[in-house]
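Below, each chain spelled out in residue letters.
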Amino acid sequence: MEDNNFKGSPYHLQRDPEAGGSSSMDDFDDSSGPFDIASTKNAPIDRLKRWRQAALVLNASRRFRYTLDLKKAEENQQTLRKIRAHAQAIRAAHRFQTAGQQHNGETTPPIPSGDFGISQDQLALMTRDHNYSALEEYGGVKGLSELLNSNLDKGIHGDDADLLARRNIFCSNTYPRKKGRSFWMFLWEAWKDLTLIILIIAAVASLVLGIKTEGIEEGWYDGGSIAFAVILVIVVTAISDYRQSLQFQNLNEEKRNIHVEVVRGGRRVEVSIYDIVVGDVMPLNIGDQVPADGVLISGHSLAIDESSMTGESKIVHKDSRGPFLMSGCKVADGSGTMLVTSVGINTEWGLLMASISEDTGEETPLQVRLNGVATFIGIVGLTVAVSVLIVLLIRYFTGHTNNSDGTVQFKAGTTSLSDAIDGAIKIVTVAVTIVVVAVPEGLPLAVTLTLAYSMRKMMADKALVRRLSACETMGSATTICSDKTGTLTLNQMTVVETYVGGKKIVPPESGSHLSSTLISLLIEGVAQNTNGSVFMPDGGGEVEVSGSPTEKAILHWGVKIGMNFDAVRSESLILHVFPFNSEKKRGGVALRLSDERVHIHWKGAAEIVLASCTQYMDFNGQLVAMDEEKNKFFKEAIEDMAANSLRCVAIAYRTCDLNDVPSDEVHLTKWVLPEDELILLAIVGLKDPCRPGVKDAVRLCQNAGVKVRMVTGDNLKTARAIALECGILGSDAEATEPNLIEGKSFRALSDAQREEVAEKISVMGRSSPNDKLLLVQALRKRGHVVAVTGDGTNDAPALHEADIGLAMGIQGTEVAKESSDIIILDDNFASVVKVVRWGRSVYANIQKFIQFQLTVNVAALVINVVAAVSSGNVPLNAVQLLWVNLIMDTLGALALATEPPTDHLMHRAPVGRREPLITNIMWRNLLVQAAYQVTVLLVLNFGGRSILNLQHDDNARADKVKNTLIFNAFVFCQIFNEFNARKPDEFNVFAGITKNHLFMGIIGLTLVLQVIIIEFLGKFTSTVRLNWKYWIISLAIAVISWPLALAGKLIPVPETPLSKYFSIAYRRLKRTICPRRPEAA
């Protein structure tokens, strides 16, 4: 039975007209620049294509490796469509064949397999084809469970031998995955860089000419050194990229490892989705993912969203006539129990997953913006490189370039062709190397590096990142809309106050003086109107209770007042269930007793259930009318409990005539349980203490400019008490409207009023999931970057709509988790704050790397350009520049992109998503350092001989010493500047340095390699050994960068970003050149 407009589906809420418009499309305004994408969450494909086309890229396969592979994503969609169509065609053919066999009276008996009475092929065919007649032939669900050596109530035995036998016969719940790319693939991709290919060609040409003119012993050095440097860059790049890919693979594995409940040996146990076996009995609740193919044992209002399998957004109701459940689908409403019949590759979902390439990548807003920065810098670098090439070639061929001994390098008619080509190749090599240094290919990849590092560390902080972009967006969050239960509180509920029989019971589990009728009805309601279970060990011992924290607390209380769970459940038959609904705040069950009487039990929010009660049962078991005075007594009791931070739950019942209950299954499924004229049995108050440290976590957020708002389904007074305890509300004076508001009041406002009120809300009580969605939309329209926590299926639309959706790992449903961006594994608000901290760290680390890289870029480019134009020679040759590129690109990114977060990050305001990446502080820092490096090194380049007392050495030797010193000092400056880049806006750049072992290791490695290059690899790098005096000079030049950075930080910078001045100037220039035409009348 199918229903396109099924109200209970979480997907229905996404199209709710009451929700108002979404502001998310503002993030994808086509009039903005190609790289100006504030959020990549749900971004249109055309918008993603636009920035790719605008980017200047030298190695597309590497640059776009961790962005969404648009082509692969489309291929996956096509594959899914083909497999679905193929599966439906096979199913139709089998149904036709089965119909023919039935017509001819043919039956296929079950074929034993090992210790089991049925084969895997028969199970798979029956489930995939939804073959109901085959199920009946096997004896229905009960007969099938016996063939599988399982029990519908107690499940399988579940010992190691039993599990192994089932896996051997019926397969395990895994499917073959496409292997991740090998190291050699990363090596191959690193080779594809256009500039490196040109350098290799130049190296080969130089090698051939060198060997031809100077012989093999001396002639191979020039070409060989360039080739070696290029290979080194490629290998280091590939190693770095390969390590990142392994980190992402591990995180993806963690994301897939869902934990589910199964019944084994009569008790509910939690297992990994990979450990499910054929024959397992599994409870299913709203929001769960169906983890394997199976057959419904029993269900109540069970509705399944099969869109992941069929591709059609239809909700399908399941009952005894349509009992087949498919792996990968979601429970949209209701509850039930299933018998697992097929797992892993024997399911349609397993075939689907094995056929598609899972990882299509994903881009983040920072990646897109950094591609824009890289493109801009690359264009500047390319222009400079072409200019240098033209200047050097003109100087060379016009005879204005001299050798170190003063002789002219090229004389028309005199210089041999091979020498002329060799000279031209060296010039081209220098120009190409400038492009390698100038185009920061590693800049966008630094985001991936820092995200991979942060995601791994966040796992230790109990946060599993499902969507990369959320990791950095969290750093811009301006508000967090948090649930109360389990996030701000411990989710460890206990019944501490009870009102039974019209009066308060002390202690709450004392029921000895209550009538047997009242106790019997109360226990019946507790045992039957629940999704939880109670397991009594055979040999005695502690009772095991499972279910949600609220259910567990009430079941524990039921056991204390004398409930025998299994016995009570066997005394009556469940006719129909109304699962707990977050809109109505209550759940109900209809029971048929042995004497044909019908009892309808309700349980839910105390004041809502109380409003439906017309009577209550006193402690003698007599029914008493609910007069105004008693109603007031119960209301005051609820308010007192709520004021003491207790969650109030009322338990009520009523009788019903059996003739009013629909007799056929179709009508029974649609039957609406009577919810009026109820008889109140009890009101219980549940204590859920605040989490330790939550007050500090809330204060930390407030200091960081992030407003914490509590959105809860609980009573407004309970919410108020908890909010005061947590520090969300500072004082009683703040606990008034509109700071404190009920969901229905907020819902009733107009769009404009909602936006205005949303800004002030600190606590929303008695809210529905749709209220949470409306609040998120209102806040986003006000320009907030909103993070939302959620655990229920109906939270999915709000999690999807928010900038960052945070699902709870323990209490969260699979639907909520799939709609989220980050899963908080311990359901703790303190972990949410850690995510904010890591998000800010990602942004800060990228800015550190940008500052460092731009300083190197500016200095290297200016030094080589000025030297080339003025003298025709460049002090930094191709091999030296490739080494600088390695320090800057790969090693620099590793050192700076993996800085752990500091407390300093939580003492500043959130970073606006449209704020410039390069701040005025960064411009100041990098210009101070670049100006210093350029000045000192150019002075050495033009006046080095006299400053270093090299006038008496021969010209060739003097130039080599001078250029070696320039190269050595330049590298040392970059190493020392890495320390400055760690703290762009702090004076103490060494704070916490000992905690970052990777940073210290990279600095040490770079220093050691630099010493080896100068002292032992002179032939390759065209350098000479330096004496201790020149090493001290190099060190002194570099050390000055520290006090210089300190002095630079005293220079004030304007608050308005420099980029704004440029954009204003650009717009004015544009208006001057292209004035607007007057509009036609």
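Residues numbered from 1 in each chain as written. Predicted model: local features only at pLDDT ≥ 70, side-chain atom pairs only at ≥ 80, totals over all residues. Heavy atoms only, no water.

Per an unreviewed UniProt entry, the protein chain is named Calcium-transporting ATPase, and its organism is Trapa natans. The annotation that UniProt attaches to the protein chain under Catalytic activity (unreviewed entry) is "Ca(2+)(in) + ATP + H2O = Ca(2+)(out) + ADP + phosphate + H(+)". Here is the UniProt Sequence similarities (unreviewed entry) comment for the protein chain, exactly as written: "Belongs to the cation transport ATPase (P-type) (TC 3.A.3) family. Type IIB subfamily." (UniProt positions renumbered as here; feature names shortened; annotations may be inferred.)

With that settled, the discussion passes to the sheet that holds strand β25 (residues 786-790). Taken in spatial order, the eight strands line up as β9-β27-β26-β25-β10-β22-β24-β23 in an open sheet, and their pairing is mixed. Here the strands that pair on one side only, and so sit at the sheet edges, are β9 (463-465) and β23 (740-742). Strand-to-strand twist across the sheet, computed as the mean angle between neighbouring axes with direction ignored, equals 20°. Alignment of β25 against strand β26 (residues 804-808), held across four bridges, turns out to be parallel. What sits directly across from Ala787, in β26, is Ile804. Strands in contact with helix α26 (residues 716-726) are β22 (707-711), β23 and β24 (763-765); relative to β23, the strand with the most contacts, it is inclined by about 155°. (Pairing = 2+ DSSP bridges. Helix = DSSP H or I, 4+ residues; strand = E, 2+ residues; numbered from the N terminus. Axes fitted to C-alpha atoms, helices over the stretch in contact; angles between N-to-C directions. Contact = heavy atoms within 4.5 Å.)

In this section: the packing of aromatic side chains. Taken as a whole, this structure holds 17 aromatic pairs when the rule is applied. Measuring from ring centre to ring centre gives 5.9 Å for Tyr499 and Phe633, while their planes differ by 70°; the resulting arrangement is edge-to-face. Here the residue Tyr499 occupies a position in strand β11 (residues 494-500), and Phe633 occupies one in helix α23 (residues 628-643), the gap between them amounting to 134 residues. Following the ring pairs from residue to residue traces out a cluster consisting of Phe976, Phe979, Phe990, Phe999 and Trp1042. The ring of Phe633 has Lys630 lying over it, and the distance from NZ or CZ to the ring centre is 4.5 Å. Across from the ring centre of Phe999, 5.6 Å away, lies the NZ or CZ of Arg982, which sits over that ring. (Phe/Tyr/Trp six-rings, centres within 6.5 Å; stacked < 30°, edge-to-face > 60°. Lys NZ or Arg CZ within 6 Å of the ring centre and 35° of its normal.)

Counting buried residues in strand β21 (residues 678-687) gives nine out of ten residues, a clear majority hidden from the surface. Where β11 lies against β21, six bridges are found, and the strand directions are antiparallel. Looking at the pairing, Val495 lines up with Leu686 of β21. Where strand β18 (residues 613-617) lies against β21, three bridges are found, and the strand directions are parallel. Within β21, the residue paired with Cys613 across the bridge is Leu678. (Buried < 20%, exposed > 50% of the residue type's maximum accessible area, 1.4 Å probe, protein only.)

Here we come to the nonpolar core. Ranked by size, the top nonpolar core spans 79 residues in total, and within it Val230, Phe967 and Phe970 carry the most contacts. When residues of this core are assigned to their parent elements, the largest contribution, 14 residues, is made by helix α35 (residues 955-982). Beyond its immediate stretch of four places on either side in the chain, Phe967 contacts Leu876, Gln880, Trp883, Val884, Gln1010, Ile1013, Ile1014 and Thr1023. Formed by 72 residues, the second largest nonpolar core is a distinct cluster that contains Cys690, Ala697, Val706 and Ala723. (Core = buried A, V, L, I, M, F, W, Y, C linked by side-chain atoms within 4.5 Å.)

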